[in-house]
Amino acid sequence: MKIALVDSGLGLLPAAAAVRRLRPDVELVLSSDPDGMPWGPREPGDLGERVLACARAAVAYGPDALVVACNTASVHALPALRAELEPALPVVGTVPAVKPAAAGGGPLAVWATPATTGSDYQRRLIRDFAGGVAATEVPCPGLADAVEHGDEAAVDAAIAAAAARTPRDVTAVVLGCTHYELVGERIRAAVRQPAAPAPALYGSAGAVAGQVLRRIGAAPDPAAAPSGGLTVLLSGRPGALPPAALGYAEGRLLAGAPARSGAVPG
């Protein structure tokens, strides 16, 4: 069993780690795009081409399914990917967890990149799934980039700035960028008010992992022998997990798997 994941950078780590926890025996192919990141500011056509290139590089390794582990890429490239790859290869996208967050009550905040905040896509999600729950869109300039580079000071500064823009009464925070899940507990601590319960965090990694296993007909088996390998592709080139990945628990979990050389199977 082999699952490929695509993102501009380290944003694929949370979903990959979630898959690894559910199935320690799964083979993972991580295809990121350091040459073209960040994807968010790119024009849709350019972004779509870069996502397709990363996906095609991963597909050369014969995965059973492909995960687009990026909200922005899912918005702009998922239809093209599905048109090219399905039904032969299941393609799973990523959607901010507005619906489950709203189901838990409110008010809630949606933390996202500046490019996503205020977009028709995000506002449609809020309109369709948040119902009567008060939802505040919170732009987080610089946070994804700081997470990508493991810049602790910049992460703290970006989180503090976004927390200052977050209403004090929120009971839930939707992490609308997959990078943010790598620093979720820091976000929770920054938003929490004195003497108040910690807000609930809603990311997408767990739901994506469960969905991709369902798509390939595999049941979760956390007790399986940890025999799954890891292949890393950097803008299509064989490589290794970037050093910044090891600063996060998800990256360290994945690094515990035997690394593959990255050579395309013959």
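Only a predicted model underlies this, so the values are computations on that prediction, with no experimental measurement involved.

**Describing the overall build of the protein**
Of the regular secondary structure elements, the protein holds 10 helices and 10 strands. Rg of the C-alpha trace for the protein: 18 Å, near the compact-globule value of 18 Å for 266 residues, within the 12% margin. A principal-axis box enclosing the C-alpha atoms of the protein has dimensions of 55 × 35 × 35 Å. Buried residues in the protein amount to 51% of all 266 residues. By sequence separation, contacts in the protein at least 24 residues apart represent 77% of the contacts at least 6 residues apart. A gap of 4 Å separates the mean positions of the 22 positive and 24 negative side-chain charges of the protein.

**Observations concerning the sheet that holds strand E5 (residues 108-112)**
Spatial ordering of the open sheet is given by E6-E5-E7-E8, a layout of 4 strands whose pairing is parallel. Where the open sheet ends on each side, the last strands, each with one partner, are strand E6 (135-139) and strand E8 (200-202). With direction set aside, neighbouring strand axes in the sheet form an average angle of 25 degrees. As paired elements, strand E7 (residues 172-175) and E8 share 3 bridges and run parallel to each other. Of the residues in E8, the one forming a bridge with Val173 is Leu201. This element, helix H5 (residues 120-129), spans E5 and E6 of the sheet and lies at about 160 degrees to E6.

**Points about the sheet that holds strand E3 (residues 65-68)**
Here we have 6 strands laid out as an open sheet, ordered E4-E3-E1-E2-E9-E10, and mixed in their pairing. If you trace the sheet from one side to the other, it starts and ends with strand E4 (91-92) and strand E10 (237-239), each paired once. Of the strand pairs in this sheet, strand E2 (residues 27-32) and strand E9 (residues 230-234) are connected by 5 bridges, and their pairing is parallel. Among the inter-strand pairings, Ser31 is bridged to a residue of E9, identified as Leu233. The strands touched by helix H1 (residues 13-22) within the sheet are strand E1 (2-6), E2 and E9, with E2 carrying the most contacts at an inclination of about 180 degrees. In the packing of helix H3 (residues 71-85) onto the sheet, the strands contacted are E3 and E4, and the crossing angle to E3 comes to about 160 degrees.

**Observations regarding the confidence of the model for the protein**
When pLDDT is averaged across the protein, the result is 91; 96% of the residues are at 70 or more. Ranking the elements of the protein by mean pLDDT puts H3 last, at 88, and helix H7 (residues 152-164) first, at 98. In this model residues 257-261 is a low-confidence stretch, pLDDT under 50, and it forms 12 contacts with partners more than four residues away in sequence or in other chains.

**Remarks on the pattern of salt bridges**
Enumeration over the complete set of coordinates arrives at 11 salt bridges. With a shortest N-O distance of 2.7 Å, Arg123 and Glu137 are connected by a salt bridge. Highlighted residues: Arg123 in helix H5 and Glu137 in strand E6, separated in sequence by 14 residues. By relative accessible area, which is 47% here, Arg123 ends up partly exposed. The residue Asp128 makes a salt bridge to Arg127 at a minimum N-O spacing of 3.8 Å.

Parameters and conventions
- Residues numbered from 1 in each chain as written.
- Predicted model: local features only at pLDDT ≥ 70, side-chain atom pairs only at ≥ 80, totals over all residues.
- Heavy atoms only, no water.
- Helix = DSSP H or I, 4+ residues; strand = E, 2+ residues; numbered from the N terminus.
- Rg over C-alpha atoms; globule rule 2.2 N^0.38 Å.
- Buried < 20%, exposed > 50% of the residue type's maximum accessible area, 1.4 Å probe, protein only.
- Contact = heavy atoms within 4.5 Å.
- Lys, Arg positive; Asp, Glu negative; His and termini not counted.
- Charge placed at Lys NZ, Arg CZ, Asp CG, Glu CD.
- Pairing = 2+ DSSP bridges.
- Axes fitted to C-alpha atoms, helices over the stretch in contact; angles between N-to-C directions.
- pLDDT = per-residue confidence, 0-100.
- Salt bridge = Lys/Arg side-chain N within 4 Å of Asp/Glu carboxyl O.

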